[in-house]
There are 2 protein chains.
Amino acid sequence: MRFGLTLLLVFLSIICEASCQKNYTPQWLENNSLNIKIGNDVMIISHNVSKPFIYLCSGQVNFTEFRGNFFVNNYEAARVPLGSFRKTGNTNTSDTFEFSFGSLALNVTFETTTTYPLVVSFSSLPTGYTGLWVRIAATPGERVYGLGEQYSYLNLRGRMYPIWTREQGVGRNKSDIVTFFADNFGGGAGGDYHTTYFPQSTFLSNRKYLCHYGGYNYAEVNLQQPDFHEIFVSGPPDKFYFDTRGSIKELTQTIAKNLGLQPELPDWVYTGAILGVQGGTELMLDRYQKAVDNDVAVSGLWIQDWAGVLVTSFGKRLFWDWHWNATYYPNLNSTIDVLREKGVRVLAYINPNLNTAGSLYQEAAAGKHLVMNTSGQPYLMDFGEFLCGIVDLTSLEARTWYKEKIQLNMIDLGLGGWMADFGEYVAADGAVFQSGETGRQVHNKWPLLWAEVNRQAIEERNKTGEVVFWMRAGTAGVGKYTTLMWAGDQNVDFSYADGLASTIPAALNMGMSGIGITHYDIGGYTTAAQFQAFGQALIRSQELLLRSAEAAVFTPLFRSHEGNQPAANVQFYTNQYIEQCFGRLSRMFVHISNYTRSVAQDNSLFGTPAQRPLFMEFPDDSDAWDVTYQYMYGSRLLVAPVISSNVSKMNVYLPKGWEWKFIWDGKNYPGGNFTQVDSLIGFPPAFYKVDPSDHRFDDMIEQIRSKFPAIPPLLTTPTTPKPIAAGMKLSVQSFCVLTAVVVALMI
Amino acid sequence: MRFGLTLLLVFLSIICEASCQKNYTPQWLENNSLNIKIGNDVMIISHNVSKPFIYLCSGQVNFTEFRGNFFVNNYEAARVPLGSFRKTGNTNTSDTFEFSFGSLALNVTFETTTTYPLVVSFSSLPTGYTGLWVRIAATPGERVYGLGEQYSYLNLRGRMYPIWTREQGVGRNKSDIVTFFADNFGGGAGGDYHTTYFPQSTFLSNRKYLCHYGGYNYAEVNLQQPDFHEIFVSGPPDKFYFDTRGSIKELTQTIAKNLGLQPELPDWVYTGAILGVQGGTELMLDRYQKAVDNDVAVSGLWIQDWAGVLVTSFGKRLFWDWHWNATYYPNLNSTIDVLREKGVRVLAYINPNLNTAGSLYQEAAAGKHLVMNTSGQPYLMDFGEFLCGIVDLTSLEARTWYKEKIQLNMIDLGLGGWMADFGEYVAADGAVFQSGETGRQVHNKWPLLWAEVNRQAIEERNKTGEVVFWMRAGTAGVGKYTTLMWAGDQNVDFSYADGLASTIPAALNMGMSGIGITHYDIGGYTTAAQFQAFGQALIRSQELLLRSAEAAVFTPLFRSHEGNQPAANVQFYTNQYIEQCFGRLSRMFVHISNYTRSVAQDNSLFGTPAQRPLFMEFPDDSDAWDVTYQYMYGSRLLVAPVISSNVSKMNVYLPKGWEWKFIWDGKNYPGGNFTQVDSLIGFPPAFYKVDPSDHRFDDMIEQIRSKFPAIPPLLTTPTTPKPIAAGMKLSVQSFCVLTAVVVALMI
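The model shown is predicted, which means the values in this text are computed figures rather than measured ones. (Residues numbered from 1 in each chain as written. Chains lettered and ligands numbered in written order. Predicted model: local features only at pLDDT ≥ 70, side-chain atom pairs only at ≥ 80, totals over all residues. Heavy atoms only, no water.)

Novice: What am I meant to see in helix H7 (residues 396–411) of chain A here?
Specialist: Every α-helix winds through 3.6 residues per turn, so residues three or four apart in the chain are directed the same way. Among the residues of H7 of chain A, those classed as buried are Ala398, Arg399, Trp401, Tyr402, Lys403, Lys405, Ile406, Gln407, Asn409, Met410 and Ile411 of chain A. One side-chain oxygen of the residue at the start of H7 of chain A lies 3.3 Å from the amide nitrogen of Glu397 of chain A, identifying that residue as Ser395 of chain A. (Buried < 20%, exposed > 50% of the residue type's maximum accessible area, 1.4 Å probe, protein only. Helix = DSSP H or I, 4+ residues; strand = E, 2+ residues; numbered from the N terminus. Polar contact = N/O pair within 3.5 Å; in protein donor to acceptor, adjacent residues only side chain to side chain.)

Novice: Help me understand the sheet that holds strand S26 (residues 387–390) of chain A in this model?
Specialist: Note: strands within a sheet are paired through backbone hydrogen bonds, in either parallel or antiparallel orientation. Residues and elements named next belong to chain A. Pairing in this open sheet of three strands is antiparallel, and the strands run S23-S26-S25 from one edge to the other. Two strands close off the open sheet at either side, each with one partner strand: strand S23 (353–355) and strand S25 (381–382). Relative to S26, S23 runs antiparallel, the two being bridged by three bridges. Bridge assignment links Asn353 to a residue of S26, and that residue is Ile390. (Pairing = 2+ DSSP bridges.)

Novice: Where do I start with the pairing of strand S18 (residues 273–277) of chain A in this structure?
Specialist: Put simply, side chains in a regular strand alternate between the two faces of the sheet. Residues and elements named next belong to chain A. When you tally the buried positions in S18, you get five out of five residues, the bulk of the element. Neither face of S18 is exposed, since Ala273, Leu275 and Val277 on one face and Ile274 and Gly276 on the opposite face are all buried. In this structure, S18 lies alongside strand S19 (residues 298–303), joined through five bridges in parallel fashion. The residue bridging Gly276 from the neighbouring strand is Trp302, located in S19. Since S18 and S19 lie parallel, the crossover through helix H4 (residues 281–293) that links them has a hand, and here it is right-handed. (Right-handed = clockwise from strand over helix to strand, strands pointing away.)

Novice: Would you take a moment to explain the sheet that holds strand S11 (residues 144–148) of chain B for this structure?
Specialist: Residue and element names in this part refer to chain B. Sheet architecture is open: eight strands sit in the order S6-S7-S8-S9-S17-S14-S13-S11, paired in antiparallel fashion. Across the chains shown, the open sheet's two edge strands, defined by having one partner strand only, are strand S6 (84–90) and S11. Taken pair by pair, the neighbouring strands of this sheet meet at an average axis angle of 20°, ignoring direction. Of the strand pairs in this sheet, S11 and strand S13 (residues 199–205) are connected by four bridges, and their pairing is antiparallel. The residue bridging Val144 from the neighbouring strand is Ser205, located in S13. The sheet strands contacting helix H3 (residues 248–259) are S13, strand S14 (209–213) and strand S17 (240–244), and the helix crosses S13 at an angle near 145°. (Axes fitted to C-alpha atoms, helices over the stretch in contact; angles between N-to-C directions. Contact = heavy atoms within 4.5 Å.)

Novice: Help me understand the pairing of strand S16 (residues 228–234) of chain B, please; the structure alone is not making it clear to me.
Specialist: Residues and elements named next belong to chain B. With seven of its seven residues buried, S16 lies for the most part within the structure. Neither face of S16 is exposed, since Phe228, Glu230, Phe232 and Ser234 on one face and His229, Ile231 and Val233 on the opposite face are all buried. Looking at chain direction, strand S10 (residues 131–137) and S16 are connected through seven bridges and run antiparallel. Considered in S16, the bridge of Ile136 is made with His229. Pairing analysis gives four bridges linking strand S15 (residues 219–222) to S16, with the strands arranged antiparallel. Residue pairing in the sheet places Ala219 in a bridge with Val233 of S16. Linkage of S15 to S16, two consecutive antiparallel strands, is achieved through a turn of five residues.

Novice: Sorry if this is basic, but what is going on with the packing of aromatic side chains here?
Specialist: The relation between two aromatic rings is expressed through the spacing of the ring centres and the mutual angle of the planes. Taken as a whole, this structure holds 108 aromatic pairs over all chains when the rule is applied. For the pair Tyr328 of chain A and Tyr329 of chain A, a centre-to-centre distance of 5.5 Å together with 80° between the ring planes defines the contact as edge-to-face. Where Phe240 of chain B meets Phe242 of chain B, the ring centres are 6.4 Å apart and the plane angle is 10°; that geometry is what we call stacked. The buried category is assigned to Phe240 of chain B, whose relative accessible area is 0%. On the basis of relative accessibility, which here comes to 1%, the residue Phe242 of chain B falls in the buried class. A network of ring pairs unites the aromatic residues Trp320, Trp322, Tyr349, Phe383, Phe386, Phe422 and Tyr425 of chain A as a single cluster. Its end group placed over the ring of Phe422 of chain A, Arg472 of chain A keeps NZ or CZ at 4.5 Å from the ring centre. (Phe/Tyr/Trp six-rings, centres within 6.5 Å; stacked < 30°, edge-to-face > 60°. Lys NZ or Arg CZ within 6 Å of the ring centre and 35° of its normal.)

Given below as structure tokens:
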């Protein structure tokens, strides 16, 4: 007994020893300089009197908004460098310093916690001050990744990233003519390189550290300076968290675990495509039958219009009143059962906004479940000829009410899942929330609350692992709730900033922010046939649809969308040939599903994302760090999706130190080079790492060649793609002509 | 004798009394607030501890440049509010205060000088600090004018204006498709609302004060805040000058006198049009003869290609080697004499850059008259397939050398004047000047130096009042040298931001910055036929040419330009009908020349600009303050140029308190209203103020009706304008279609 007690005490003291030590190294010369390092000499803070690491700001952040497109103006009247410092306290695990300028002072505590070797926290902002700039030491060649779902660049260094969830934008490139049209004739909807549904103040550095800022208020991450990164945080500052690990992969796993591992996908999603269809029960079943007839592997039918449609002057819109519309979808309940027996789920759609003309709105208003305005009335937003109330997700009662609606109206109906859309529109000012918080405080947190409602609805019905929902809006921590993200609304084009290509950096950066399971709308979403008036129609081509489906073979979910103008777009059902090609790719997705499942488990167990940048697997290959549009799918498959029009060959970089087998010719290619391979439509360029120590999936990959021969007309009758990708067209067609302009304009 | 001495002493003491008093009123409560007022209760400085009027900055201003298009990034690492203050000294005419934050302090002296009631000066910047923000008290409804030549807005309030001379841009409106093309395919040449050849840190306020910052380094004038204006000045701060007067007109006259009154134009410019022609002696004379045959009143022939042309892959360019090219212009010397006998001057072109292939470059390099690079070689700039050296205008020797070239090669040849082009391209970094200054110090000053060289060349040859030169680049003080400005390179369209319309706010703001004599290229300059590939050709139409000539009747100079793509544009000589219409307007310009001369004298004697905003003449009419695109030409004529396509009626605002006679129907209209009048091509809408106390020009104006009947085909055969104004076309054609986009993009 005594021995046992002693042992316990020894054990406790070891724990204390381990947990009480400081896992950071401060070095300072009072009123001169202060450096804080973690791990193996990784400098995090490099402060000196003339170049402080912290600045107190006073100013205003002003937001203007139009339909989810936010324009932010951060006006800083003062930005005071807190150069002087002195130590004011310490504990076993922490050191506190006062940083000051004249009488203006802020206490900063550096601390080791059980989770992080270095956590930096701050005393309250002095009166009149509204924010902080915090600098993190950087080196000129340092690379930075993450910040949530960033579409335009993989390495984020050299740019400024606002952290504010919003519409991702249409075009997202101020040099692209689609963006220009969307900006000037779409209420400023063009977006920019940084606009995203899912920004997150978390990044990883190739200097082998991670930085996570814990607050949700508006922030800016400025990665433009050579010797520091700087982060602006508005309002009362939250904590900064730092860790260091031996590799990007370990850092990724660390952040995923710390923020919450993503639940596993239901197994049925691997049994085929989820087909985005709509238009009522009959049409849904008709599309299904034709798909089956053309050998499409089908796991689900996704009907976004299950609650009915509205006719506005702009065409059909969904009716935002989230329950089964039995007029529009007669017998949906029994149809769901019939389909389920065939192994096919029906999936639907919901968002946290309620059309004032619907019954749910009335119920929510009566139950006081809505966000209010300052006059005590429901805060209404115009979503385009209809007004909506917003369920107040800051209220436990409202969340419970809405969760029960999801359970009753969706899960109990037998749905296999849904798109949990929106979550980005919460106004910065003028809305009143039951939590007492302001719009500025809850705006970035909304996706987390929205994800939680969906997840709890499923868990309480014991449908985890059966029902899936997918979200576009995100923030730090959303991973522990959401089963799945999707990449939002790509343009139906090949553009780097907002087309098929953009889904790759989006997935990779999201993966390095702790969310490793995502997918995208096959064929893209945003269609603008009306741009035809300018010779720049944005319409989905057959080529884009099939290239997009090719790439989706190597993602965790294979789901199509008709786009916002279905009639203008090529669809998987447009003709039998396309349907057969699409079907072949859907079966390819199913063929590799055992591999996909193991890759997805890597995420749910260890936080290793399904899609990984090459350098995550091959950090010692310096050339691998420069590759943006290829990725490792798990640790074996290297995928190089075709992301341009009119391509029949691809140059693929194969990492050093391994042999690589091209899945379509079975030949081995040495790593450390670019290798040119065929990339005809239907044959997505992918290689697998030849690894004598691991033969688990070799047979499966080898079989692809024999199991998926070309569909006859595919190679013999080349099809003519419709006009695509306005931005691409412009640049291809005109760069040579127009480079002359500036010179010709001069005398 | 004694009485005389006493009288003298009394007189001197009165002078001292007058000059030694402080003409500003400081009111302060130490370490609380400090207000400085001038004149009749005009608050200039409103400082308090928590909202200081001065901020010390440390940071970097970074410039990138492509062919005169500068992109400025003002990064401010710190911006320290100097809230505390204490009085540290005073004299009879001044008070000095120390403003500080902690140990960081700056002395600010408020002083009355013989010229200004309030001059604010600063002690040196503390080590590590690189600039200042200075706030001037403002009221929410306050209006601000001036800042040099500002094209896009008359009232500048609500926007930020960088002070950095540069290319004005092509399109100058980020919502305009021409700007988009120029930005993306013209090396970022699109410009913006603030880009101008002639920015100046001087403004007038309707609160009846003027503010002038005396420095030439990069500055920013931010007019976006409700309760203050703020001005950023980089580098060692110069002085701020303030004055107050009873009206905008008096403020305008004050600034013009203080910065230097503009010399008077030669009288011959009022005798007809200066025709922009080129292509050699024969073609010049041929154009002239046809013009005379069609009753064009001709005062000059402007041949920009007098020094020859270069053929590049982009077409013909001028050969930048500034002397008569006798091969290209045979017998030019004798031709000049012949033409002069007919009362016609020949005018040419020069700029401060020298083609390395020319003889002047060789001479300048040998004489060490060129700007150098840091390697001790001439600093060369690529102007489009040819390289140039830049005459070092900071060197008295170089200026003298270049002045003599102007005298020998231009004045002595018998030229009547020239375009003194460029002056905006001086690099911020990397160039070495003989004065020892940096590019940042001399960049904004360059136009002043360039103007001085031209002026001195003329004065030393005693040709003042005979020879005219016109400039586009400008800065504070350029008025005392330059005989004439021109509005730079308008697009050949009706756009507000960069077309015909933009010349009106440009002239009015320049007038309120101290430069009251300006003009523009009739028909505009920047042509981009190549935009036809996108259905947006930027080509001059007949309508634009004639509307532009109409408006020029009521400016001090009537000069045409063929544009940068002459063959694509409609020209005054395109056909006989156009030539007759143009001729009729040129004679109208001559007809009112006595009036124009008196208006121009108002400028040279008193600093009252020729073109004046309505509120300068009618400050008590509150509605007059909202009129941007009409102006008073002198004090009698109200001009409302037609600045849109397809207009046959105009609504013209007539100021309160007077009757107004429409020059084309002779009828009187009461002021205080908008009046609709006809505005057919050839009949520029203008009114004259019916003033019983002043009949000086009544007859002249009355005669216009009878002397200038319509040219027969003008009204009977309407002509079809060619495609014009891409921006306009886009907005007219598509606004309705495209406003639907954003909604259609949403589910």
